[in-house]
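Observations on the three-dimensional arrangement
Letter by letter, the chains look like this.
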Amino acid sequence: MKQIAWNTLGFHFTETDSIVRSAFHGEWKDGKLVGQWDEPYLTRDKYLHLHVSATCLQYGQEAFEGLKVFRGADGQVRVFRWQANAERLQRSAEALKMAAPPVELFGKAMRMVIADNADYIPPYETGATLYLRPLLIGTTPRLGVGPGKDFELIIIPSPIGPYYPGKFHCTSFIINRHVDRAAALGTGQYKVGGNYAASFRATEAAHRQGFDCLFTDSKTHRYIDECSAANFIGIKESKVESRKSKTESQKQEIEYLTPRSSAILPSITNDSLMTLAREKGYRVTRRHIRIEELADMQEAAACGTACVISPIDKVIDPDKGIVYTISDRPGPVLTDLYKSLQDIQYGRAEDRHGWCEIIRAD
Ligand SMILES: Cc1ncc(COP(=O)(O)O)c(C=O)c1O
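Just so it is clear, the model here is predicted, and its values are computed rather than measured.

1. Details of the overall build of the protein chain
Along the backbone of the protein chain there are six helices and 18 strands. Taking 21 Å as the expected radius of gyration for a compact globule of 362 residues, we find that the protein chain reaches 22 Å, a close match to that expectation. With the C-alpha coordinates aligned to their principal axes, the bounding extent of the protein chain is approximately 70 × 50 × 45 Å. The 362 residues of the protein chain split such that 42% are buried. Taking contacts inside the protein chain between residues at least 6 apart in sequence as the whole, the part at least 24 apart equals 72%.

Here's what the structure looks like:
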């Protein structure tokens, strides 16, 4: 194991020993891309020899992913739901007219790069993880606007620090109705670089004011879309009438709410949390969520691979002069969901859904 200050790593790239690469060489025939992927290979060289007119540089033919490798309480190395990332990369590839790497190729390349960089998988106690950044780029030189025929899959590993080095804490958000991250029928549901470059104006403006950015739907700006680069979750508690053996009583219902939108990335973390929420007996609802509904939420959070859950204490609506105060500390429902998911990821709880693959890395 490398001597690294695991606790002070943060979320930035730390050099590791190698990356893994695999190239696709193809041709467009009758509107279809046909070709084949080379065997993946490991390399210590982190630089690409890329033509200046490559379609990834000229036309943004690029997609990426993000997933984590955990060293568990039992010392085993686990990757969380990597097949879901591989499938999401395939959807992004198809959306941008790129070759979609087969799931098996993704898995093989991923196992190679984890094993070769096993010394960079942080120790269990640190809460740090090995982050994998799969990247898919168009490499064909092209001047005329259109998709290329050659692509490359690269997986870059980097240890990253724990998202909450101290204690689980809240963040505040500010609504931005003046910048859209993605168009309603655009590429928001795919993990492509262009969406992120398009969001920087809003996220950087929010950071300058000490907030994270809450995006609204780009068609009406009335509904919640996404939290910076994470999905939104709201928790509503209500009393509902229940009829049991002719007597009426009131029972507390917990609702897990998350936006339905054509422009948000289908988060694998959100999907996992929804499964756990259902198992805990909560009502899980995915629908359009009006901004004003923030006033009725007892808890809210951003969710994604990096943070798992990042509770929200307040949301500022500068256009309307409203501050939605949600909760000054992480609430019980989201704290419990956070713990349940982390217990599976770190091998402290039974993996009943088969979400983790144990990797032989040492
Ligand atoms: C725009 C956006 N939304 C949501 C997410 C969360 O997705 P996941 O839980 O799969 O990491 C991410 C991170 O990948 C993201 O970039």
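2. Points about the domain arrangement of the protein chain
When cut into domains, the protein chain gives domain 1 (6-160) and domain 2 (171-345). Relative to domain 2, the C-alpha centre of domain 1 lies at a distance of 28 Å. At the interface, 20 residues of domain 1 touch twelve residues of domain 2. The set of elements that each furnish at least two residues to the side of domain 1 that touches domain 2 consists of β4 (62-64), β5 (67-71), β6 (77-80) and α2 (82-95). Broken down by element, the side of domain 1 that touches domain 2 gets its largest block of residues, six residues, from α2. Its residues assigned to classes, the side of domain 1 that touches domain 2 shows nine nonpolar, four polar and seven charged.

3. Focus: helix α4 (residues 193-208)
The end-to-end C-alpha distance of α4, which contains 16 residues, comes to 22 Å, matching closely the 22 Å that a straight helix rising 1.5 Å per residue would cover. Maximum bend of α4: about 45°, positioned at Phe200. When α4 is considered as a whole, its buried residues turn out to be Asn195, Ser199, Ala202 and Ala206. Its buried side turned inward, α4 meets β9 (171-176) and β10 (212-216). Residue Gly210 follows α4 closely and has a positive phi angle near 90°.

4. A look at the packing of α2 against helix α3 (residues 103-116)
The contact between α2 and α3 brings their axes to 9 Å, and the two run at 125°. The angle between α2 and α3 places the two elements in the oblique class. Where α2 crosses over α3, the handedness of that crossing is right-handed. Touching Trp82, Gln83, Ala86, Glu87 and Leu89 of α2 are Val103, Phe106, Gly107 and Met110, all from α3. Here the contact of α2 with α3 is built from residues that sort into six nonpolar, two polar and one charged.

5. Digging into the site of the ligand
Every residue lining the ligand is accounted for by Gly66, Glu226, Ala229, Ala230, Asn231, Leu265, Ser267, Ile268, Thr269, Asn270, Gly304 and Thr305. It is helix α5 (residues 268-279) that provides the largest number of residues to the shell around the ligand, a total of three residues. The class makeup of the residues in the shell around the ligand is four nonpolar, seven polar and one charged.

Conventions adopted
- Residues numbered from 1 in each chain as written.
- Predicted model: local features only at pLDDT ≥ 70, side-chain atom pairs only at ≥ 80, totals over all residues.
- Helix = DSSP H or I, 4+ residues; strand = E, 2+ residues; numbered from the N terminus.
- Rg over C-alpha atoms; globule rule 2.2 N^0.38 Å.
- Buried ≥ 20, exposed ≤ 12 C-beta atoms within 10 Å, placed from the backbone.
- Contact = placed C-beta atoms within 7 Å.
- Domains from an automatic or database assignment.
- Nonpolar A, V, L, I, M, F, W, Y, C, P; charged D, E, K, R; others polar.
- Expected span 1.5 Å × (residues − 1).
- Bend = angle between axes of the 7 residues up to and from the residue.
- Axes fitted to C-alpha atoms, helices over the stretch in contact; angles between N-to-C directions.
- Parallel < 35°, antiparallel > 145°, perpendicular 65-115°, else oblique.
- Left-handed = near helix turned anticlockwise from the far one by under 90°.
- Near = placed C-beta within 6 Å.

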